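Here is how the chains run, residue by residue.
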Amino acid sequence: MERAKMTLKSVKTIAAAVLLTSAMVSITACSYNKPGQKPKVNSVTPAGTLSGSYYEKSSFTDRQGKYWIPLKPAAASIGYRMKDDTASGGYAKIGYTDVMYMLHPDSAQVFSLGEKITLPDAPVRRNGQLYITPTALSKLLQTEVGWNPSTGEINIASPSDHKDSGHAGTTEQPKSLRIQSLSAADSSELVAYAKKYLGVPYEFGAGPYEETHRFDCSSFTRHVFKKFGVDLPRLAKDQDNLGRRVSRSELEIGDLIFFTVPGRFESDAIPGHVGIYIGNGKFIHTWGDPGVQISDLDSGYWSNVILHMQRVL
């Protein structure tokens, strides 16, 4: 009996080693799905980082032997949303509240975390879905992608907080855009201008307001600040790199407030939402329905997910 237990333990150890080895080699494996399978929260990549894990049945192999998987469920496995406008000539946009990745079928040129990069394989459209090779997916998301050819399990590592936060690992100090403090008149003008857009619908990955008449959280802050001569980056995580931190007691009208998305990243240190402080314990932002809205900063849901506050004016 003891010998049988040892044998079973050895088999399990070998099987685990095979899984990790298969995930580390060049990504060429196909997969198949278990309908309704939820991501495994405790999945790990070969490097030991947390990942989203799921099973995919809709993959295919092309004539060159390359394996392709649908992009949307892959993105969903690590908590991202995807809006696919490629059927009408637009881009597929991936992110949480901000668009972090943009791509188009048949083009290897994509946008990844604000930079234009070239994928090893251009995404393709098939049966109404956008497909990508795992190697291209790894480069697009700038993270590890692994899979098990025998079970069809795909593992995608959540982007690490030190990689995406834009602060760690760099000696360069954030650039301050503050030229002068807002006067009372300027502060009043900023608040009035931002309030003009109350009720404007929220849309994930919204294009320029002049074209779409919609905002997502960071395109709204960018639009408002542009009125006052400050050109903010498109993504909340990049807006977070500008200016300087301020405390709650120092908060002034026009300061940006960044919020975490609990559980989305390993340390909850990456901003997933941003709004503008407008005084009296209130901030203006856009999120779901009814779109652009005013919320309490010191009570309710948002008070519990504040990441930090930043001054860029």
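Residues numbered from 1 in each chain as written. Predicted model: local features only at pLDDT ≥ 70, side-chain atom pairs only at ≥ 80, totals over all residues. Heavy atoms only, no water.

1. Here's the deal with helix 3 (residues 134–141)
Here helix 3 has its buried residues at Pro134, Ala136, Leu137, Leu140 and Leu141. Looking down the long axis of helix 3, one finds its buried residues gathered within 155° of arc, a one-sided arrangement. Count one or two residues on from helix 3 and you reach Gln142, which has phi positive near 55°. (Buried < 20%, exposed > 50% of the residue type's maximum accessible area, 1.4 Å probe, protein only. Helix = DSSP H or I, 4+ residues; strand = E, 2+ residues; numbered from the N terminus. Arc of directions from axis to C-beta.)

2. Let's talk about the side chain of Glu56
Relative to the elements of secondary structure, Glu56 occurs in the loop between strand 2 (50–55) and strand 3 (60–61). Buried and unpaired, Glu56 has Lys57 as its nearest opposite-charge partner, separated by 7.7 Å. Reaching out from Glu56, the side chain makes a polar contact with the backbone nitrogen of Ser58 at a distance of 2.8 Å. (Lys, Arg positive; Asp, Glu negative; His and termini not counted. Salt bridge = Lys/Arg side-chain N within 4 Å of Asp/Glu carboxyl O. Polar contact = N/O pair within 3.5 Å; in protein donor to acceptor, adjacent residues only side chain to side chain.)

3. So, the confidence of the model for the protein
Across the protein, pLDDT averages 76, with 70% of residues at or above 70. The secondary-structure element of the protein with the lowest mean pLDDT is helix 4 (residues 161–164), recorded at 38, while strand 18 (residues 291–296) shows the highest, at 96. Scored below 50 in pLDDT, residues 161–180 shows 35 contacts in the model against residues more than four places distant or in partner chains. (pLDDT = per-residue confidence, 0-100. Contact = heavy atoms within 4.5 Å.)

4. Section: the pattern of salt bridges
One side chain can pair with another of opposite charge once the charged atoms of both are near each other. Under the defined criterion, the tally for this structure stands at 12 salt bridges. With a shortest N-O distance of 2.8 Å, Arg234 and Asp216 are connected by a salt bridge. With Arg234 in the loop between helix 7 (217–227) and helix 8 (236–239) and Asp216 in the loop between helix 6 (209–212) and helix 7, this residue pair connects regions lying 18 residues apart in the sequence. The class for Arg234 is partly exposed, based on a relative accessible area of 23%. The class for Asp216 is buried, based on a relative accessible area of 0%.

5. Focus: the packing of aromatic side chains
Enumeration over the complete set of coordinates arrives at 14 aromatic pairs. Seen in terms of ring centroids, Phe259 and Trp302 are 5.1 Å apart; in terms of plane orientation they differ by 70°. Their pairing is edge-to-face. On the criterion of sequence distance, the pair formed by Phe259 in strand 15 (residues 256–260) and Trp302 in the loop between strand 18 and strand 19 (306–311) is long-range, its members being 43 residues apart. A relative accessible area of 0% means that Phe259 is categorised as buried. Here the aromatic cluster, defined as three or more aromatic residues joined through ring pairs, consists of Tyr193, Tyr197, Tyr209, Phe215, Phe220 and Phe228. (Phe/Tyr/Trp six-rings, centres within 6.5 Å; stacked < 30°, edge-to-face > 60°.)

6. Describing the sheet that holds strand 10 (residues 124–126)
Across the sheet, four strands lie side by side as 3-4-11-10; this open sheet has antiparallel pairing. Where the open sheet ends on each side, the last strands, each with one partner, are strand 3 and strand 10. Across three bridges, strand 10 lies against strand 11 (residues 129–132) in antiparallel orientation. Bridge pairing links Arg125 to Leu130 in strand 11. Packed onto the sheet, helix 3 meets strand 4 (67–70) and strand 11 and runs at close to 90° relative to strand 11. (Pairing = 2+ DSSP bridges. Axes fitted to C-alpha atoms, helices over the stretch in contact; angles between N-to-C directions.)

7. Topic: the nonpolar core
If you look at soluble globular proteins, the nonpolar side chains tend to sit buried side by side. Membership of the largest hydrophobic core comes to 26 residues, with the highest contact counts inside it found for Ile94, Leu103, Ile132, Leu137, Leu140 and Ile156. For this core, the elements supplying multiple residues, two or more each, are helix 2 (71–76), strand 6 (92–95), strand 7 (99–103), strand 11, helix 3 and strand 13 (153–157). The dominant element in this core, judged by the number of residues it contributes, is helix 3, at four residues. Counting 23 residues, the second-largest nonpolar core is a separate cluster that includes Tyr197, Phe215, Val274 and Val312. (Core = buried A, V, L, I, M, F, W, Y, C linked by side-chain atoms within 4.5 Å.)

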